[in-house]
Amino acid sequence: MAEEKAEIKWEGKSIAELRGPTADQIWSLLEDFCNINKWFPSIDVCNQVGGELGKPGLTRYCASKTLSTYGSYDEGEVRWVKERLLMISPAEKCLSYEVLENNSGFKSYMATMKVLEINGSDAGENGCKIEWSFIADPVEGWTFEDFNSFINFCLQSMGKNMEQDVLSG
């Protein structure tokens, strides 16, 4: 009788703290599920391919060129992923999505993104934080530490891009 080995799931969470923008301002950018390319480093294109905007079932296609070992873009290599919105709650400023298809090594991947208000104490500073949590099967070609670090880098970059957009507008 063959023994079935339970696959280890990767679970992680990253947090980006933003000073200045309110949770409502950042949520208005994040809830636009099919425009993640405006904020996410390395995503060149993001298009709606199914479902209704703002509703579970909405599906997006995201793609990016990959960097070669020489630091230039390899025009022949495009990484892509198709993702479906599972849940969206404007009241809780939260959404969850899953990877459906891809050529990036994902087998199973589900993520939740939340925007939470931060109320400063003595300094009277306001702001918000974005939490990005995920659960996934191990991703081909990655260690957990590298993958988690990549998610954190992407979230910090997204947060900085969103913060600059809100504060400059």
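Residues numbered from 1 in each chain as written. Predicted model: local features only at pLDDT ≥ 70, side-chain atom pairs only at ≥ 80, totals over all residues. Heavy atoms only, no water.

Under an unreviewed UniProt entry, the name given to the protein is Bet v I/Major latex protein domain-containing protein, and the source organism is Salix viminalis.

Draft legend 1. Expanded view of the overall build of the protein. For the protein, the count of helices and strands is two helices and seven strands. Each helix and strand of the protein, ordered N terminal to C terminal, gives the series β-α-β-β-β-β-β-β-α. Put simply, 54% of the contacts in the protein that link residues at least 6 apart link residues at least 24 apart. (Helix = DSSP H or I, 4+ residues; strand = E, 2+ residues; numbered from the N terminus. Contact = heavy atoms within 4.5 Å.)

Draft legend 2. Spotlight on helix H1 (residues 23–30). Considered for burial, the residues of H1 that qualify are Ala-23, Ile-26, Trp-27, Leu-29 and Leu-30. Around the axis of H1, the buried residues are gathered within 160 degrees of arc, so they sit on the same side. (Buried < 20%, exposed > 50% of the residue type's maximum accessible area, 1.4 Å probe, protein only. Arc of directions from axis to C-beta.)

Draft legend 3. A nonpolar patch on the surface, seen in detail. A grouping of Leu-86, Met-87, Met-110 and Ile-135 is seen on the molecular surface, where their side chains present a nonpolar patch of about 280 Å² in accessible area. With respect to the helices and strands, Met-87 occurs in strand E4 (residues 73–89). Looking at Met-87, the relative accessible area reads 30%, which means it is partly exposed. (Patch = residues over 30% accessible without salt bridge, like charges linked within 9 Å, V, L, I, M, F, W, Y side chains within 5 Å. Areas by Shrake-Rupley, 256 points an atom, 1.4 Å probe, with all protein chains shown as cover. Salt bridge = Lys/Arg side-chain N within 4 Å of Asp/Glu carboxyl O.)

Draft legend 4. Expanded view of the nonpolar core. Ranked by size, the top nonpolar core spans 40 residues in total, and within it Ile-26, Tyr-109, Trp-132 and Met-158 carry the most contacts. Broken down by secondary-structure element, the contributors of at least two residues to this core are strand E1 (10–19), H1, E4, strand E5 (94–102), strand E6 (109–119), strand E7 (126–136) and helix H2 (144–168). Considering every element that reaches this core, the biggest residue donor is H2, with seven residues. (Core = buried A, V, L, I, M, F, W, Y, C linked by side-chain atoms within 4.5 Å.)

Draft legend 5. Seen up close, the packing of aromatic side chains. On inspection of all chains with the given rule, the structure shows 14 aromatic pairs. A centroid spacing of 5.8 Å and a plane angle of 85 degrees characterise the contact between Trp-142 and Phe-147, whose relative ring orientation is edge-to-face. Judged by relative accessible area, which is 34%, Trp-142 ranks as partly exposed. Site record: aromatic cluster; members linked through ring pairs are Trp-10, Phe-33, Tyr-97, Phe-106, Tyr-109, Phe-134, Trp-142, Phe-144, Phe-147 and Phe-150. Just above the ring of Phe-33 sits the side chain of Arg-60; from NZ or CZ to the centre is 3.7 Å. (Phe/Tyr/Trp six-rings, centres within 6.5 Å; stacked < 30°, edge-to-face > 60°. Lys NZ or Arg CZ within 6 Å of the ring centre and 35° of its normal.)

Draft legend 6. Expanded view of the environment of Gln-25. Here Gln-25 shows up in helix H1. Spatially, the C-alpha atom of Gln-25 lies 9.1 Å from that of Met-162, the residues being 137 residues apart in sequence. Non-local contacts of Gln-25, meaning those with residues more than four positions away in its chain, are made with Gly-20 and Val-166. A polar side-chain atom of Gln-25 sits 2.8 Å from the main-chain amide nitrogen of Thr-22. (Polar contact = N/O pair within 3.5 Å; in protein donor to acceptor, adjacent residues only side chain to side chain.)

Draft legend 7. How the structure looks around the packing of H1 against H2. Two elements in contact, H1 and H2, have axes whose closest approach is 10 Å; the angle formed by their N-to-C orientations is 115 degrees. By the angle between their axes, H1 is roughly perpendicular relative to H2. In the crossing of H1 with H2, the sense of the turn from one axis to the other is right-handed. Of H2, the residues touching H1 (which contributes Gln-25, Ile-26, Leu-29 and Leu-30) are Met-158, Met-162, Glu-163, Asp-165 and Val-166. Its residues placed into classes, the contact of H1 with H2 shows six nonpolar, one polar and two charged. (Axes fitted to C-alpha atoms, helices over the stretch in contact; angles between N-to-C directions. Parallel < 35°, antiparallel > 145°, perpendicular 65-115°, else oblique. Left-handed = near helix turned anticlockwise from the far one by under 90°. Nonpolar A, V, L, I, M, F, W, Y, C, P; charged D, E, K, R; others polar.)

Draft legend 8. Just the pattern of salt bridges, in detail. Tallying each qualifying case throughout the model produces eight salt bridges. Put simply, Lys-93 and Asp-24 hold a salt bridge, and the shortest N to O gap is 3.1 Å. Placement of Lys-93 in the loop between E4 and E5 and of Asp-24 in helix H1 is noted, with a sequence separation of 69 residues between them. Measuring nitrogen to oxygen at the nearest pair gives 3.5 Å for the salt bridge that ties Arg-79 to Glu-77. We classify Arg-79 as partly exposed; its relative accessible area is 34%.

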